[in-house]
Amino acid sequence: MSTVYLNGEYIPKDEAKISVDDRGFLFADGVYEVTPFYEGVPFYLDRHMARLRRGLAWMRIDYDVDQLDEIHRQLLIRNGVDGAETSIVYLQITRGVAPRSHPFPTTPVPPTVYCFAKAWQRPSAEDFERGFRAVTIPDRRWARVDIKTIALLPNVLAYQAAVDAGVTDAIQVRDGVALEGAHNNLFGVFDGTVVTHPATNVILPGITRGVVLELARENGVPVDERPILVEELADADELFFTGTTSEVRPTTQVDGRPVGDGRVGPVTRALAKGFARHVERVKEGMRSEAV
Ligand SMILES: Cc1ncc(COP(=O)(O)O)c(C=O)c1O
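## Points about the overall build of the protein chain
Within the protein chain, the secondary structure is distributed over 7 helices and 15 strands. At 20 Å, the protein chain has a C-alpha radius of gyration in line with the 19 Å of a compact globule built from 291 residues. Along the first, second and third principal axes, the C-alpha atoms of the protein chain reach 55 × 50 × 30 Å. At a minimum sequence separation of 6, the contacts of the protein chain that also span at least 24 residues come to 71%. Carbon and sulfur atoms make up 53% of the accessible area of the protein chain, which totals about 14200 Å². Side-chain charges of the protein chain comprise 33 positive and 41 negative groups, with the mean position of each set lying 2 Å from the other.

What follows is the structure, encoded as structure tokens:
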């Protein structure tokens with residue numbers, strides 16, 4: 001039985017109870033974060049917390065995120081995943097419990113804070129080599145997808161469309177632009193240039209996206225943050241997704257057609273290796289700080 005954190009307590013998951021009046025349940029009135037840990041070492045926790053802070057401020061939910069570092073650490077330890085090669089802490093904060101009414105509660109209520117930790121598995125080397133397949137689907141989300149709210153129905157439907165099509169990823173398309181995946185950011189490689197949508201209100205500003213862009217620039221790989229038209233997908237030499245549990249994930253087929261020569265391309269491969277090396281450096285850095 002896993003141990004979860006709910007409103008100040010660490011408790012067995014089956015004892016965690018949330019009111020039917022919780023505004024997360026009634027209105028999807030909340031935000032969330034998913035932060036990666038490698039052998040218990042946080043990977044850009046500060047950036048995840050900064051994104052969360054921005055979301056909370058925009059939603060006007062009053063919560064001090066500074067206490068979360070320790071909660072993350074405790075959950076990894078209490079669930080025995082602090083040594084796991086790859087793990088995440090999921091965190092969700094809703095506006096709290098109040099009788100159902102659209103406006104914010106007039107008498108302030110404490111937010112509901114829920115977190116859990118779990119290990120996850122990277123794909124095997126064979127699966128990485130084969131690459132992943134995606135389908136394009138219409139983006140049905142609202143106008144502020146840069147805020148990481150728990151209102152994920154369009155993302156759920158996008159992901160299910162991929163599952164129904166027998167593939168692993170969905171590319172969400174709006175106004176002819178291939179924006180991002182259901183839970184990851186989309187990159188293309190065109191004549192050696194790495195292209196991804198700029199961090200505007202129509203994509204989630206992925207932390208992994210930011211790290212990969214930094215690594216590309218540091219290594220002299222040309223980068224262009226511009227929209228990728230859906231017709232351009234057929235001309236891309238390479239495509240890949242980035243995300244907390246996707247890391248750098250090659251896409252070798254879209255809508256049944258091969259991307260480039262249908263194999264994992266050299267730029268994707270180099271960035272995936274560079275990302276893995278960077279994870280090792282972060283791990284080592286944190287370890288030496290600790291001694
Ligand atoms: C829609 C969407 N885009 C991109 C991402 C990737 O963000 P990150 O790299 O911070 O995991 C996510 C992650 O949940 C997402 O839901």
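## A look at the packing of helix α2 (residues 45-59) against helix α6 (residues 207-218)
α6 packs onto α2 with a crossing angle of 130° between their chain directions and a minimal axis gap of 10 Å. When the axes of α2 and α6 are compared, the pair comes out oblique. Note that α2 runs across α6; the crossing there is right-handed. Touching Arg47, His48 and Arg51 of α2 are Ile207, Gly210, Val211 and Glu214, all from α6.

## Concerning the packing of α2 against helix α3 (residues 68-78)
Look at α2 against α3: their axes get within 11 Å of each other, and the N-to-C directions meet at 125°. The angle between the axes of α2 and α3 places the two elements in the oblique class. In this structure, the crossing between α2 and α3 has a hand that is right-handed. Across the interface between the two elements, Leu45, Met49 and Leu52 of α2 pack against Leu68, Asp69 and His72 of α3. Looking at the contact of α2 with α3, its residues break down into 4 nonpolar, 1 polar and 1 charged.

## What about the pattern of salt bridges?
Tallying each qualifying case throughout the model produces 22 salt bridges. Arginine 23 is the partner of aspartate 29 in a salt bridge, and the nearest nitrogen-oxygen pair spans 2.8 Å. A relative accessible area of 3% places arginine 23 in the buried class. A salt bridge links arginine 130 to aspartate 127, with the nearest nitrogen and oxygen atoms 2.9 Å apart. Separated by 3 residues within a single helix, arginine 130 and aspartate 127 lie in helix α4 (residues 125-130), roughly one turn from each other. Residue classification places aspartate 127 among the partly exposed residues on the basis of a relative accessible area of 31%. Here the salt bridges share partners, and the residues they tie into one network are Asp139, Arg141, Arg174 and Glu180.

## Some points on the nonpolar core
Residues Leu52, Leu56, Tyr63, Leu68, Leu91 and Ile93 are the most contacted members of the largest nonpolar core, which totals 24 residues. Elements supplying a minimum of two residues to this core: β3 (30-38), α2, α3, β5 (87-94) and β6 (112-119). Here this core takes 5 residues from α2, the largest share from any one element. Residues contacting isoleucine 93, with those up to four places away along its chain left out, are Gly30, Val31, Leu52, Leu56, Ile61, Tyr63, Pro111, Thr112 and Val113. Within the second largest apolar cluster, 23 residues are counted, among which are Tyr44, Val194, Phe240 and Val264.

The rules behind the values
- Residues numbered from 1 in each chain as written.
- Predicted model: local features only at pLDDT ≥ 70, side-chain atom pairs only at ≥ 80, totals over all residues.
- Heavy atoms only, no water.
- Helix = DSSP H or I, 4+ residues; strand = E, 2+ residues; numbered from the N terminus.
- Rg over C-alpha atoms; globule rule 2.2 N^0.38 Å.
- Contact = heavy atoms within 4.5 Å.
- Areas by Shrake-Rupley, 256 points an atom, 1.4 Å probe, with all protein chains shown as cover.
- Lys, Arg positive; Asp, Glu negative; His and termini not counted.
- Charge placed at Lys NZ, Arg CZ, Asp CG, Glu CD.
- Axes fitted to C-alpha atoms, helices over the stretch in contact; angles between N-to-C directions.
- Parallel < 35°, antiparallel > 145°, perpendicular 65-115°, else oblique.
- Left-handed = near helix turned anticlockwise from the far one by under 90°.
- Nonpolar A, V, L, I, M, F, W, Y, C, P; charged D, E, K, R; others polar.
- Salt bridge = Lys/Arg side-chain N within 4 Å of Asp/Glu carboxyl O.
- Buried < 20%, exposed > 50% of the residue type's maximum accessible area, 1.4 Å probe, protein only.
- Core = buried A, V, L, I, M, F, W, Y, C linked by side-chain atoms within 4.5 Å.

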